[in-house]
Amino acid sequence: MKQFITEQTEDLKQFITELLPDYNNGEPSDMLKVLLAYDMVVRTNFILWLMLTNGNVQTAEAKQVLEENIKCQIEENHPQLLLNVIVPALQFLAVFYSIRDQYEDVDAVMLPIVAREIRFLTQKAASVKGLFLMALWENSSLVFIPWLNEISFHRLAISDGKYFLIHRETDINATAFIEAASVEFESVIEKLAKSDLKRRRYYRGQMSIELGEITESLKRVFSAIFSFAKVPQTV
């Protein structure tokens, strides 16, 4: 299962890489929309996903990784650090653009995603599936956090980069969540199937399908977030 989880994380990273244009070619107003869309997903849901998963894991390895991440999120106040990026960006562009229009454009795309995909992911935030969700997110952040950092500094004149500084060095978390999801999976399979090889194969197959659905859901989320960053094609 570890190989499957690793393959899924690499697939998502490649998917996001292909979504991201050269940040130098984007309009500042569009880059702001990317940040607003990202904020809509992360600030409300990320700690919730961690806590929901933490309440439904069986292994000590999973518990340790989750509790360390929850502690870090709360003690360093990551939601506030993200706001420290969003608010100055809004203030910077308010001189040139209607902020209300910016939010309306973001809401038109993101509210259906929140209602459908984010609700689905929240329902899955437990045990193996929740750890898998965290593994996907932490690994893909190795791709999108540096890009968000670039648009913030170079397109939106953000001076407070602590949020990005903290999150761009997530290699340890990325690896830890893959390991924790793998260990948790084996523990769950052991309790469900014990030594019955036929049942083990069945549960492994079913779990692979369900985890794949989480990957596809996250792809739709990231597609929506970064849809605002697409550079218009020249004729």
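The structure we're discussing is the one just above.
Analysis parameters
Along every chain, residues carry numbers that run from 1 in the direction the sequence is written. Totals for whole chains, interfaces and linings use all residues, but because this is a predicted model, local features are given only for residues with pLDDT of at least 70 and pairs of side-chain atoms are given and counted only at 80 or more. Hydrogens and waters are ignored; side-chain quantities use all the structure's heavy atoms. Numbering of helices and strands starts at the N terminus; helices are DSSP runs of H or I of at least 4 residues and strands are runs of E of at least 2. Here a helix's expected span is defined as the number of its residues, less one, multiplied by 1.5 Å. Take the seven residues that end at a residue and the seven that start at it, fit an axis to each, and the angle between those axes is the bend at that residue. The rule is simple: take the accessible area with a 1.4 Å probe, protein chains only, and divide by the maximum for that residue type; under 20% is buried, over 50% is exposed, in between is partly exposed. Like charges within 9 Å and nonpolar side chains (Val, Leu, Ile, Met, Phe, Trp, Tyr) within 5 Å are joined into patches, using only residues over 30% in relative accessible area that form no salt bridge. Calculation of accessible area relied on Shrake-Rupley with a 1.4 Å probe; when residues are assessed, cover is drawn exclusively from the protein chains displayed. Note on definitions: salt bridges are taken to be side-chain nitrogens of Lys or Arg within 4 Å of carboxyl oxygens of Asp or Glu. In this description, the arc belongs to the directions extending from the helix axis to the C-beta atoms. Should any heavy atoms of two residues lie within 4.5 Å, those residues are counted as being in contact. Helix axes are fitted to C-alpha atoms over the stretch in contact, other axes to C-alpha atoms as well, and angles between N-to-C directions run from 0 to 180 degrees. In these notes the angle categories are as follows: under 35 degrees is roughly parallel, over 145 is roughly antiparallel, 65 to 115 is roughly perpendicular, and the rest is oblique. Left-handed describes a crossing in which the near helix is turned anticlockwise from the far one by less than a right angle; the clockwise case is right-handed. Three classes are used, and their members are as follows: Ala, Val, Leu, Ile, Met, Phe, Trp, Tyr, Cys and Pro are nonpolar, Asp, Glu, Lys and Arg are charged, and the others, Gly among them, are polar. The definition of a nonpolar core used throughout is a set of buried Ala, Val, Leu, Ile, Met, Phe, Trp, Tyr and Cys residues joined through side-chain atoms within 4.5 Å. Within 6.5 Å between ring centres, the rings of Phe, Tyr and Trp (the latter by its six-membered ring) count as paired, and their orientation is classed by plane angle as stacked under 30 degrees, edge-to-face over 60, tilted in between.

Undergrad: Looking at this structure, how should I read helix 6 (residues 127-154)?
TA: Each α-helix turn comprises 3.6 residues. Residues three or four places apart therefore point the same way. If you check helix 6, its first and last C-alpha atoms are 40 Å apart, about what 28 residues at 1.5 Å a residue would give, namely 40 Å. At leucine 142, helix 6 shows its largest bend, some 45°, and a proline, proline 146, comes one to four positions later. Among the 28 residues that make up helix 6, 22 are buried, leaving the element largely enclosed by the rest of the structure.

Undergrad: Would you mind going over the environment of valine 114 with me for this structure?
TA: On the secondary structure map, valine 114 appears in helix 5 (residues 99-123). As a C-alpha pair, valine 114 and serine 182 span 68 residues in sequence and 28 Å in three-dimensional space.

Undergrad: I would appreciate a short explanation of a nonpolar patch on the surface in the present structure.
TA: Residues Phe92, Val95, Phe96 and Tyr97 make up a contiguous nonpolar surface patch of about 420 Å² in total accessible area. In this structure, valine 95 sits in the loop between helix 4 (78-93) and helix 5. Residue classification places valine 95 among the exposed positions, given a relative accessible area of 67%.

Undergrad: Where do I start with helix 3 (residues 60-75) in this structure?
TA: The first and last C-alpha atoms of helix 3 sit 22 Å apart over 16 residues, in line with the 22 Å expected at 1.5 Å per residue. For helix 3, the complete set of buried residues consists of Ala62, Val65, Leu66, Asn69, Ile70 and Gln73. In a view along the axis of helix 3, the buried residues occupy a sector of 125°, so they form one face of it. Counted as exposed and oriented over 90 degrees from the buried face of helix 3: Ala60 and Glu75. Following helix 3 by one or two positions, asparagine 77 adopts a phi angle in the positive range, close to 55°.

Undergrad: How do you make sense of the side chain of threonine 9 when you look at a structure like this?
TA: Relative to the helices and strands, threonine 9 is located in helix 1 (residues 2-19). Of the residues examined, threonine 9 reaches a relative accessible area of 0% and is grouped as buried. If sequence neighbours within four positions are ignored, threonine 9 has contacts with Ala135, Leu136, Asn139 and Ile178.

Undergrad: What am I meant to see in the packing of helix 2 (residues 28-54) against helix 5 here?
TA: Two measures define how a pair of helices packs: the angle their axes make with one another and the distance between the axes. Where helix 2 meets helix 5, the axes come as close as 9 Å, and the angle between the chain directions of the two elements is 30°. One element, helix 2, and the other, helix 5, form an angle in the roughly parallel class. The crossing of helix 2 and helix 5 is right-handed. For the pair helix 2 and helix 5, the contacting residues are Ser29, Leu32, Lys33, Leu36, Ala37, Met40, Val41, Asn45, Leu48, Trp49 and Leu52 in the first and Ile99, Gln102, Tyr103, Asp105, Val106, Asp107, Met110, Val114, Ile118, Leu121 and Thr122 in the second. Broken down by class, the residue content of the contact of helix 2 with helix 5 amounts to 15 nonpolar, 4 polar and 3 charged.

Undergrad: Looking at this structure, how should I read the nonpolar core?
TA: A general tendency of soluble globular proteins is for nonpolar side chains to be buried together. If you look at the biggest cluster of nonpolar residues, it comprises 73 residues, and the most contacted ones within it are Leu148 and Phe226. The element best represented in this core is helix 6, accounting for 14 residues. With near-sequence residues (within four places) excluded, leucine 148 lies in contact with Val34, Leu35, Tyr38, Phe164 and Phe226.

Undergrad: Please explain the pattern of salt bridges as it appears in this structure.
TA: For side chains of opposite charge, pairing can occur when their charged atoms come near one another. This model, assessed by the stated rule, comprises 12 salt bridges. Note that aspartate 105 and lysine 33 form a salt bridge whose closest N and O atoms lie 2.9 Å from each other. Of this pair, aspartate 105 sits in helix 5 while lysine 33 sits in helix 2, placing them 72 residues apart in sequence. A residue is classified by how much of its surface remains accessible, and lysine 33, at 11% relative accessible area, is buried. The shortest N-O distance in the salt bridge between glutamate 117 and arginine 116 comes to 3.1 Å. Residue classification places arginine 116 among the partly exposed positions, given a relative accessible area of 48%. A single salt-bridge network, built from bridges that share partners, covers Asp11, Glu216 and Lys219.

Undergrad: How should I be thinking about the packing of aromatic side chains in this particular structure?
TA: Two aromatic rings are characterised by how far apart their centres lie and by the angle between their planes. Using the criterion set out here, one finds 13 aromatic pairs in the structure. A centroid spacing of 5.8 Å and a plane angle of 80° characterise the contact between tryptophan 137 and phenylalanine 144, whose relative ring orientation is edge-to-face. Put simply, the rings of Tyr38, Phe46, Trp49, Trp137, Phe144, Trp147, Tyr163, Phe164, Phe222 and Phe226 touch in pairs and so form one group of aromatic residues.

Undergrad: For this particular structure, what's the right way to read the packing of helix 6 against helix 9 (residues 197-226)?
TA: Between helix 6 and helix 9, the least distance of the axes is 10 Å, while the angle of their chain directions is 30°. In terms of orientation, helix 6 lies roughly parallel with respect to helix 9. For the pair helix 6 and helix 9, the crossing hand works out as right-handed. For the pair helix 6 and helix 9, contact is made by Val128, Lys129, Phe132, Leu133, Leu136, Trp137, Ser140, Phe144, Trp147 and Leu148 and by Met207, Glu210, Leu211, Ile214, Thr215, Leu218, Phe222 and Phe226, respectively. For the contact of helix 6 with helix 9, the per-class residue count stands at 14 nonpolar, 2 polar and 2 charged.

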